[in-house]
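Fold and geometry: a report
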Amino acid sequence: MALEKKNYIEYIDLVTLVVCIVGMMLSRFLINLGMVMLIARVLFIGSWKEKLENIMQNKVILITALSFIALHLVGLFWSENLKYGFGDISKKAALFIIPLCLAMIPLRKEIIKYLYWSFILVLFVGATWGGIVYFSSINPDTRGLIFSSSHIRFSLNLCFGIISLLYILIRQYKSLKPWIRAISIFMVSYFFAYMIISQAMTGLVILFLFIIVYTPYYLIKYKKNLVSYSILSLYVIVISTSSIWIYFQYSYFFTPNKIYQTNISKITPDGEKYTELFNVKSIENGNYIYHYFCYEEVSREWKKKTGIDANDKLVKKDGSKSTNTYLDILVRYMNSKNPIKNARTFNELSDEDIENIKLGIENVVYTEKFSLKPRLYKIFYQINCFKEYKTIKNFSELQRIELWTNAAALIKENPLFGVGTGDIADKFEQKLKERNSQLYLSKLRTHNEYLTILLTFGIIGFALFMFWLIYPAYKQRLFYNFIYFTFFFILCVSMTTEDTLDNVAGIMFFVLVNYIFLFNTKQINEL
């Protein structure tokens, strides 16, 4: 797997693409640096005759690749906000630069191997970085463990790394050196563990969807023996057990505590009346949040314990003030531990509990480290708030549904050509205002790439987008390549809940992996 020592250009190509890989996962600055290095490589290093020959060999793929940016330029003709339109196109410069440069730079299979293992190494560095931040922080924001990277885009890379490593392990297990096997197994476990602790739901859902879809297909088609059927049985057991676990967690969260069936006094042991909020049915961990809650006692005891007025706004880590008061956090936290909220149950809270409340942790379950329960319970709480108050703001899953609904309404008004490259943000915000949406002025977009394309370019543009997405891989017969199919599956599923191609890290994930495959198909198939 050695590089040709005399060919210094290969070293330049390798370093340049590794910088792009590091940037794709960890740094916006390195994304830009990598693209500058690629442009410099193409302009100043190597024979232009060879570069033009490579372009001619890849001309169909390259023309198709550049057609998406061309579609954005055409979309300016029916846009009013040209400033936004040109800004959007400049943000997507990688869709033009990366395929154009890679079309001129053929890569030997040894280089591609180095790039793949560099990708795995960068994933390891990122997961370690995020893990250190997670375990060294109290109540860490799992979305910002790697501060210079999008947690969602990083989880897509983790998915690709896990599945591709598993494939290499299964396919080449006997030929791999023992130490490579051991490292690969460790990496798969390490990446999966990081996805759990970082609560990367997008990545986990995509990973499990792939396993659910592909595992039975592979075992039934290729491995018709006792071992394969045993694995298939285990697969069914794991899926069933996971489903049952989620159902029990849901039931525990929403099923009222049996204590409410008993005759509980509406006077606290210290003689105060519980606050009259028995008609409010907000529930969490099986306990009604505002039932058997004595405002006077809890507020008094909190002030006595902490010196902070319960009605003061919560102070965040960065010194800014939250929209929630300490009391908002306190009542939910107490409720997550006990259905009765009075002076005596307050004084049962530990010093750690008090610190958790000061940090804005609303539910004791949220303090669990190596668990999916915190993310699951946050989703359940979103559902509860929507059922009780029709609240969606600041709840990511519910916000997506509202954004999709808004996009669909706008698409109906502009079905053929869409609103144009420059007007999507203005029109989207205007439609939120017309619908009296809670998300008006939030500056959020659709969180669905397919809807974004339909909204921007209409049905005709969407058809061109699907051709741009599918045809090159179809022409190169790459859908028969397992690792490419994995990448394509991850990309397509991610675009149902994210604007993957409207984010620089998402664009780099697509263009870098996609066009290394498309312009080096022969070499990759030989690996």
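Conventions we followed
Numbering of residues starts from 1 in every chain and runs along the sequence as written. Given that the model is predicted, a residue must reach a pLDDT of at least 70 before its local features are reported, and side-chain atom pairs must reach 80 or more before they are shown or counted; all residues, however, enter totals for whole chains, interfaces and linings. The side-chain figures draw on all heavy atoms in the structure; neither hydrogens nor water molecules are used. Every helix listed is a DSSP run of H or I at least four residues long, and every strand listed is a run of E at least two residues long, numbered separately from the N terminus. With a 1.4 Å probe rolled over the protein chains alone, any residue whose accessible area is under 20% of its type maximum counts as buried; one over 50% counts as exposed, and the rest are partly exposed. The patches reported here contain residues having more than 30% relative accessible area and no salt bridge. Joining distances are 9 Å for like charges and 5 Å for nonpolar side chains (Val, Leu, Ile, Met, Phe, Trp, Tyr). Note on areas: Shrake-Rupley, 1.4 Å probe, and residue coverage restricted to the protein chains presented here. For this analysis, a salt bridge means a side-chain nitrogen from Lys or Arg found within 4 Å of a carboxyl oxygen belonging to Asp or Glu.

For the rest of this paragraph, the subject is unusual backbone geometry. Positive phi is not limited to glycine here, since Asn-285 has a value of about 55°. Tracing the backbone shows Asn-285 in the loop between strand E1 (283-284) and strand E2 (287-288). Residue Asn-285 is classed as buried on the basis of its relative accessible area, which comes to 3%. A positive phi angle, near 70°, is found at Asn-394, a position not held by glycine. Locating Asn-394 in the fold gives a position in the loop between helix H16 (373-389) and helix H17 (396-413).

This next bit is on a nonpolar patch on the surface. Among the surface-exposed residues, Val-74, Phe-77, Trp-78, Leu-416, Phe-417, Ile-460 and Leu-464 lie close enough to one another that they form a single nonpolar patch of about 700 Å² accessible area. Position of Val-74 among the secondary structure elements: in helix H4 (residues 59-74). Taking relative accessible area as the criterion, Val-74 reaches 40% and is therefore assigned partly exposed.

Here the idea is simple: oppositely charged side chains can pair when their charged atoms come close. Throughout the structure, instances matching the rule amount to 23 salt bridges. Of the charged contacts, one joins Glu-498 and Arg-153 as a salt bridge, the two residues approaching to 3.8 Å between their closest N and O atoms. A residue pair is termed long-range when its members are at least 10 positions apart, and Glu-498 in the loop between helix H20 (482-494) and helix H21 (504-519) and Arg-153 in helix H8 (residues 151-171) qualify at 345 residues. Arg-153 carries the same exposure label as Glu-498, and that label is buried. Between Asp-270 and Arg-344 there is a salt bridge whose closest N-O contact spans 3.5 Å. Placement of Asp-270 in the loop between helix H11 (226-254) and E1 and of Arg-344 in helix H14 (residues 343-346) is noted, with a sequence separation of 74 residues between them. The exposure class assigned to Arg-344 is partly exposed, which follows from its relative accessible area of 49%. Each of Asp-88, Lys-91, Lys-92, Arg-445 and Asp-502 takes part in one network of salt bridges that share partners.

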